[in-house]
Amino acid sequence: MAASGVKRRKLEHVSSDEDDDASFASFGESDEIVAEPLGDEDEGLEDVDDEDGSLADEAAGEPEDVENDKQNGEDVAKIATPRFIAAQQGQDRTDGAKARRAALDAGGGAYMTGTFKSNMFKLQVDELLEQIRPRRGKREEAAEEALHALKKTFDQVPARGSLLTDEAEQQLLKSSKVIVPFPQPRPPRDAKYKLEFAGPSSINVIGSYALKTNLRSKEALEIDMVVTMPSSLFQEKDYLNYRYFYKRAYYLACLAASIKDEPTEYDVQFADLHDDQLRPTLVVSPPKPPSNEDMVKQSPRWRINVIPSVSADVFSQDKLSPSRNCVRAAGDTKAGPTSFYNSSLRADALPPSYLKLLHNAASTCDGFRDACLLGSTWLRQRGFAARISAGGFGNFEWSALIALLLQGGGPNGKPILSEGYSIYQLFKATLQVLAMRDLSKTALVVGAGDAKPTGDGTPMLWDASRAHNVLYKVTPWAYSQLRQDARTSLTMLGDQLFDGFDATFIMRTDNPLLRYDYVVDIPASAILAEKGSYHKLFSTLKRGVGDRTSLVTMKTPPSALWRPGSRRSKPAPDASISVGIVVNSDTFNRTVDHGPPAESKAEAASFRKFWGEKAELRRFKDGSITESLVWGTGESGQTVLEQVVRFLLSRHIGQDAEQSASFVGHGFARLLRQGASMAAYSPLMEAYKQLETDIRGLERMPLSVRHIMPADPQLRYCSIRPPFDIAGRQRPTPANITIQFEGSTRWPDDVAAIQRTKIAFLLKLSELLQEASAAITARVGLENPSDESLNQAYLDIAYGSGAAFRMRIHHDREQTLLERQLKDKSLAPSSKEAAARALAAYKRDYIKAPAHTQAVARLCSRYPALSGTVRLLKKWFASHLLAHHIAEEVIELIAVRTFVQPWPWQTPSSVQTGFLRTLHWLARWDWRAEPLIVDLSGTGELKAAEVQAIRTRFEAWRKLDPSLNRIVLFAASSLDPDGTTWTDGRPQRVVAGRMTALAKAACAEVQEKQVALEPAGLFASPLSVFDFVLHLDPALSGGKQRKGASNGTTFKNLELAAQDDESMIGFDAAQLLLDELETLYGSAVLFFSGGSERPVIAGLWSPQTARRGWKMNLAYSTIPQRVRAKEETVRAEINKDAMLAEIARLGRELVERVEVSSR
């Protein structure tokens, strides 16, 4: 593990020079003050992920004057004079500061002795903070010049007299062509109150920029400027019925008009603050360059948000309590509380107070600023921001939460956080508060007082001294997501075997296809544009899906900016509402839902009202009579969950919403034959149990049976195609199993003799099985004739149902004899090498494979989506012609890792999330520097010492084989700490590089298209990158058979053999051809095969076959060539045409055509 975070995040595969020559080469200061920031100031943070560039690159590419940091703070302070709110200086705290620093140093033990392996984590955090801390540069200088100019302009704006709303609006439109951004509903025409303008009472730069908690970014620099409106403009009752917000909008329009009237070149637009249309703001940015101007030379990017505010004493805080109603229609005495309205108005009055709160926290807690930076990074990587459309929880909410927890919130009003906490402790403790406390049910109160949540799912962090709910903007759906992410991060940080730094702070986790099992995309135009429509949609779906899901969340379209001379912008035509669903694997496909019993009249009536005609009263086998819902089983092409969601949309939201909604999530499972369910494997599993019963029930066996063990992908629910589903042929693929007999001294003491004895055992077992059952056919087959140390025979057992098994005998004496040969110094090196190969094959086939099969089968039962994920991943490898090079067990380990170590997400509950997250990890895996380590127990049995031993073994292999000629991928597990069982000799570096490149391309496609992704597109890649391609007959190679094609038209004997000859069980013509080609031409050609998924065999000429000096007995066919006509020197050049002709002759009718690349 590298100490440098940048090096750790550099995950791109850099090929060596040798690879490049191959054919595959195509392939802050204490006087600063802070208050609530505008919008998502985190949004500009560049992706810390490798795929989007590194922060170090940004720092290098954007020159910044670090020495002017202090001057920067002084300039901002000068802008505030005389009307900026001055920062309150605390008393001398020298002794206290020393004590806090000592506590902080001691708190560094959270790095060293806390719940995380800390030394490396501390180095990574320190490096990250160094990269994301703000620095002063050209854009900061330009923005501060604009701040001075804006302040000067606002100070000189003349007052405007009192006018009725219509008159004031028309006058402003005629004089300055500015339309007042009134919120909806617009002020009534008969309104008696008047609008006027007077110079601001104070102007202040606030937000994360002033506190230096804004993240350094390539995006636009956000600076918030609060303009406090004079108290004389407001009356005591202006908090009612939007009157304050109307006056605020008019004041903002006057500020916009003053900028337009000045001879400045600023770009001025209106925007809703945090998507809150009650609180429009003025966005001032540099002028956009002409379209023909070089975009590289455009002005530094910055954005000043001008936010009108009001003094805290203008309106009584009791009148704006969340439980009060402030929007009163005439004669309506039963209106409920207007908590959001009240909190929005209250938030406008509190910037100075929160300015002091956050500044005091930064002054008294040394780790506060950096903890805010870490929190902002964590939020941004998960898609959270202060905008309501992004959850309503952003930089300010995080900072205010920490600041308040430093003051109270605990038992008896004591602080939850300590000022002596380290950065990491502050960050983790804040996550714990978010994860462990459900603030939507029980409010977190800081200070003297009491508060209750509003009851609509909005969380409540009640700041009693300011009478304000800090989290009033956080939507119920976003809060659920926030809590889940916090829980996941805490669990991840507590995983001793996982380095959670990248997953916590570097990786983006907000891609909907990776985050959710199902995504419902609904056009915004299909939802009624009325207040509360989003909450209605969420509550309807949440109630309707019930326990089928563990999380339902939404992402709503953000509000757009608009020009001062135009009306408020409407949502874009293509704007949509994205509903993310995380399912419960055990219940989401349930076809019958049980409602309340008939005796519960009120609940039953509510149930029928909600479900309408879908609800029906049913009597069940246990005698209960309940309201029920019955759903289809999926014959219509819709999953049960999709049926439920579409019914809810149609009944409660509207027909347009149901008809225009697109449901994403089941497309990947449809790519699998017979779907992703493990039910297709039940017949084979039953046959395996029957076989074990039949064998153990045999009499006259020479030895009693000790174990019968499965050792095949079919018996662990992981075969690329389910059993009995081999297109184009009737013979099944036999499932490998091993049998071990009780020990006996009568076994021979020679490896070759043991193999012959096995043949005798198998012949006897075949005879007894066929005598015992007429439904069994058994035949003995031979293998490995060229090496007597390897297994020589197997027994094919076929049942009438179609199940077939291939049995081999496991005798533990072989290992002892082979190890003895390896220790024999008198043995020839060639014999030792053969013994080493035989010992490796023995351990792989008889020890590792059965243990691997049992572990993966157990995990597939625990995680229902694992089987489909593994099968889909194998299909992906085969579709890209890589399955021949990478063992099935390695592919299974890669998929299993996503489930047993799912960070930064929860365990996948669908094939889509399992598959896409696996590809995401595969694209980031630096197999040169990192081993693959998987805990196949799934329960944490793999200990830290074992992991360290595996890493030590990996490092030893890298030192022993630095050029990666033998071990390229190191894949270890809790059952196989060696790490080379399945990867010794395969794949080659160029194949592993191709795997990484394809995974990165797939992830880029997912990121670009998101919900518009076509799943089949990830399984297609061009064949033009290969030097030649052999197109095989699909009917004979196990692929999809063409219409009208018949085996009898070309290979009649194979068709008859498939039907009548049991010896053809397991026959694979394409695989046999591939094996033959590798034996004959492997030194000159690197072959790729798609198996039954893609009936082609592709090849790349080895770089070693380049033109060379003439030499006899080369391993491939050559022809002599002269470099120049008159030169006597003759060089050897590979005879590609002759070799391809030989290959075509070997394949005969199996090869339809040979395509040679022209590149």
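Residues numbered from 1 in each chain as written. Predicted model: local features only at pLDDT ≥ 70, side-chain atom pairs only at ≥ 80, totals over all residues. Heavy atoms only, no water.

As recorded in an unreviewed UniProt entry, the chain goes by the name U3 small nucleolar RNA-associated protein 22, listed as coming from Friedmanniomyces simplex. Taken verbatim from the UniProt record of the chain, the Subcellular location (unreviewed entry) comment is "Nucleus, Nucleolus". One UniProt comment on the chain, placed under Sequence similarities (unreviewed entry), says "Belongs to the NRAP family." (UniProt positions renumbered as here; feature names shortened; annotations may be inferred.)

Visitor: Tell me what's going on with the overall build of the chain, and back it up with residues and numbers.
Guide: Along its length, the chain carries 36 helices and 31 strands. Within the chain, the proportion of its 1159 residues that are buried is 56%. (Helix = DSSP H or I, 4+ residues; strand = E, 2+ residues; numbered from the N terminus. Buried < 20%, exposed > 50% of the residue type's maximum accessible area, 1.4 Å probe, protein only.)

Visitor: Help me get a handle on the side chain of Ser 766, residues and values and all.
Guide: Its location among the elements puts Ser 766 in helix α25 (residues 751–772). Look past the residues within four positions of Ser 766 in its chain and what remains in contact with it is Ala 778, Arg 779, Val 780 and Leu 795. (Contact = heavy atoms within 4.5 Å.)

Visitor: Lay out the sheet that holds strand β11 (residues 518–523) with the relevant residues and their values.
Guide: Taken together, 4 strands build an open sheet; the order of strands is β12-β13-β11-β17 and the sheet is antiparallel. At either margin of the open sheet sits one strand with a lone partner, and together these are β12 (549–555) and β17 (662–664). Each strand axis lies, on average, 15° off the axis of its neighbour in the sheet, ignoring direction. Helix α22 (residues 640–653) rests against β11, β12, β13 (576–583) and β17 of the sheet, and its axis sits at about 155° to β17. (Pairing = 2+ DSSP bridges. Axes fitted to C-alpha atoms, helices over the stretch in contact; angles between N-to-C directions.)

Visitor: Give a description of the environment of Ile 1134 that names residues and reports values.
Guide: With respect to the helices and strands, Ile 1134 occurs in strand β30 (residues 1130–1134). Judged by relative accessible area, which is 7%, Ile 1134 ranks as buried. Each C-alpha atom of the pair Ile 1134 and Arg 1107 lies 7.2 Å from the other, and the pair is 27 residues apart in sequence. If sequence neighbours within four positions are ignored, Ile 1134 has contacts with Ala 1084, Trp 1101, Thr 1105, Tyr 1116, Ser 1117, Thr 1118 and Met 1139.

Visitor: Summarise the nonpolar core; cite the residues concerned and give the values.
Guide: Residues Phe 805, Phe 915 and Leu 922 are the most contacted members of the largest nonpolar core, which totals 125 residues. At 10 residues, helix α27 (residues 829–862) tops the list of elements feeding residues into this core. What Phe 805 contacts, discounting residues up to four positions off in sequence, is Leu 684, Ala 687, Tyr 688, Leu 691, Leu 715, Pro 734, Ala 735, Ile 737, Leu 795, Asp 796, Ile 797 and Tyr 799. (Core = buried A, V, L, I, M, F, W, Y, C linked by side-chain atoms within 4.5 Å.)

Visitor: Could you give an account of the environment of Val 900, naming the residues involved and the relevant values?
Guide: Structurally, Val 900 is set in helix α29 (residues 888–900). Here Val 900 falls in the partly exposed class, since its relative accessible area comes to 22%. On a C-alpha basis, the gap between Val 900 and Asp 935 in space is 7.0 Å, while along the polypeptide they are 35 residues apart.

Visitor: Got a sec to walk through a positive patch on the surface? Specific residues and values, please.
Guide: Judged by side-chain charge, Lys 237, Lys 319, Arg 324 and Arg 328 come together as a positively charged surface patch. Relative to the helices and strands, Arg 324 resides in the loop between β7 (302–309) and α12 (339–348). (Patch = residues over 30% accessible without salt bridge, like charges linked within 9 Å, V, L, I, M, F, W, Y side chains within 5 Å. Areas by Shrake-Rupley, 256 points an atom, 1.4 Å probe, with all protein chains shown as cover. Salt bridge = Lys/Arg side-chain N within 4 Å of Asp/Glu carboxyl O. Lys, Arg positive; Asp, Glu negative; His and termini not counted. Charge placed at Lys NZ, Arg CZ, Asp CG, Glu CD.)

Visitor: Go over the sheet that holds strand β14 (residues 592–597) with me, naming the residues and quoting the values.
Guide: Two orientations exist for strands paired in a sheet by backbone hydrogen bonds: parallel and antiparallel. If you trace the 3 strands from one edge of the open sheet to the other, you get β14-β16-β15, paired in antiparallel fashion. Looking along the sheet, the strands with just one partner apiece sit at the ends: β14 and β15 (616–619). Shown here is a sheet whose adjacent strand axes are inclined to one another by a mean of 45°, direction ignored. Two strands pair when backbone bridges link them, and β15 and strand β16 (residues 625–630) are joined in this way by 4 bridges, in the antiparallel orientation. Among the inter-strand pairings, Glu 616 is bridged to a residue of β16, identified as Ser 628.

Visitor: A description of helix α14 (residues 368–381) should follow, citing residues and the corresponding values.
Guide: Across its 14 residues, α14 extends 20 Å between first and last C-alpha, which sits within 8% of the 20 Å expected from 1.5 Å per residue. Taken from the residues just after α14, Gly 383 is the one with a positive phi, measuring 85°. (Expected span 1.5 Å × (residues − 1).)

Visitor: Account for the packing of helix α20 (residues 533–545) against helix α21 (residues 601–611), with residues named and values stated.
Guide: Packing of α20 against α21 leaves a shortest axis separation of 12 Å and a crossing angle of 115°. When the axes of α20 and α21 are compared, the crossing they make is left-handed. Contact with α20, carried on its side by Thr 540, Arg 543 and Gly 544, involves Ser 606, Phe 607, Phe 610 and Trp 611 of α21 and no other residues of that element. Residue composition of the contact of α20 with α21, grouped by class: 3 nonpolar, 3 polar and 1 charged. (Left-handed = near helix turned anticlockwise from the far one by under 90°. Nonpolar A, V, L, I, M, F, W, Y, C, P; charged D, E, K, R; others polar.)

Visitor: Can you break down the packing of helix α28 (residues 864–879) against α29 residue by residue, with the values?
Guide: At a minimum axis distance of 9 Å, the contact between α28 and α29 shows a crossing angle of 135°. By the criterion of interaxial angle, the relationship of α28 to α29 is oblique. In this structure, α28 crosses over α29, and the sense of that crossing is right-handed. Residues Ala 865, Leu 866, Thr 869, Val 870, Leu 873, Lys 874 and Phe 877 of α28 form the contact with α29, whose own contacting residues are Glu 888, Ile 891, Glu 892, Ile 894, Ala 895, Val 896 and Phe 899. (Parallel < 35°, antiparallel > 145°, perpendicular 65-115°, else oblique.)

Visitor: Which residues make up the packing of aromatic side chains, and what values do they have?
Guide: Per the stated rule, a full pass over the model turns up 42 aromatic pairs. Note on Phe 340 and Tyr 472: the rings are 5.5 Å apart at their centroids and 55° apart in plane angle, and the pair reads as tilted. In this pair, Phe 340 is assigned in helix α12 and Tyr 472 in the loop between β10 (468–469) and α17 (476–493), connecting sequence segments 132 residues apart. Given a relative accessible area of 5%, Tyr 472 falls into the buried group. These aromatic residues form a ring-pair network of at least three members: Phe 182, Phe 234, Tyr 239, Tyr 242, Tyr 244, Phe 245, Tyr 246, Phe 315 and Tyr 341. Residue placement shows Arg 543 over the ring face of Phe 610; its charged tip is 4.2 Å from the ring centre. A cation over an aromatic ring shows up here: Arg 806 above the ring of Tyr 794, its NZ or CZ 4.1 Å from the ring centre. (Phe/Tyr/Trp six-rings, centres within 6.5 Å; stacked < 30°, edge-to-face > 60°. Lys NZ or Arg CZ within 6 Å of the ring centre and 35° of its normal.)

Visitor: Just give me the short version of the confidence of the model for the chain, but keep the residues and values in it.
Guide: This prediction gives the chain a mean pLDDT of 83; 84% of its residues lie at or above 70. Contacts for the low-pLDDT stretch residues 1–117, under 50 throughout, to residues beyond four places or in other chains number 299 contacts. pLDDT under 50 marks residues 1041–1049. Its contacts with residues more than four places away, or in other chains, come to 13 contacts. (pLDDT = per-residue confidence, 0-100.)

Visitor: Account for the state of the cysteines, with residues named and values stated.
Guide: The tally for this structure, following the rule as stated, stands at 0 disulfides. Lacking any disulfide linkage, Cys 860 is separated from the closest cysteine sulfur, that of Cys 718, by 4.1 Å. For Cys 860, a relative accessible area of 0% corresponds to the buried category. (Disulfide = S-S within 2.5 Å.)

Visitor: Outline the environment of Ile 132, listing residues and values.
Guide: Along the chain, Ile 132 turns up in helix α7 (residues 118–132). For the pair Ile 132 and Leu 373, spaced 241 residues apart in sequence, the C-alpha separation works out to 7.5 Å.

Visitor: Would you mind going over the pairing of β16 in detail, with residue names and values included?
Guide: In summary, the side chains of a regular strand alternate between the two faces of the sheet. Inspection of the sheet shows β14 paired to β16 by 4 bridges, in the antiparallel sense. Bridged to Val 592 within β16 is Val 630. The turn joining β15 and β16, which pair antiparallel and follow one another in sequence, is formed by 5 residues; a positive phi near 90° is taken by Gly 623.

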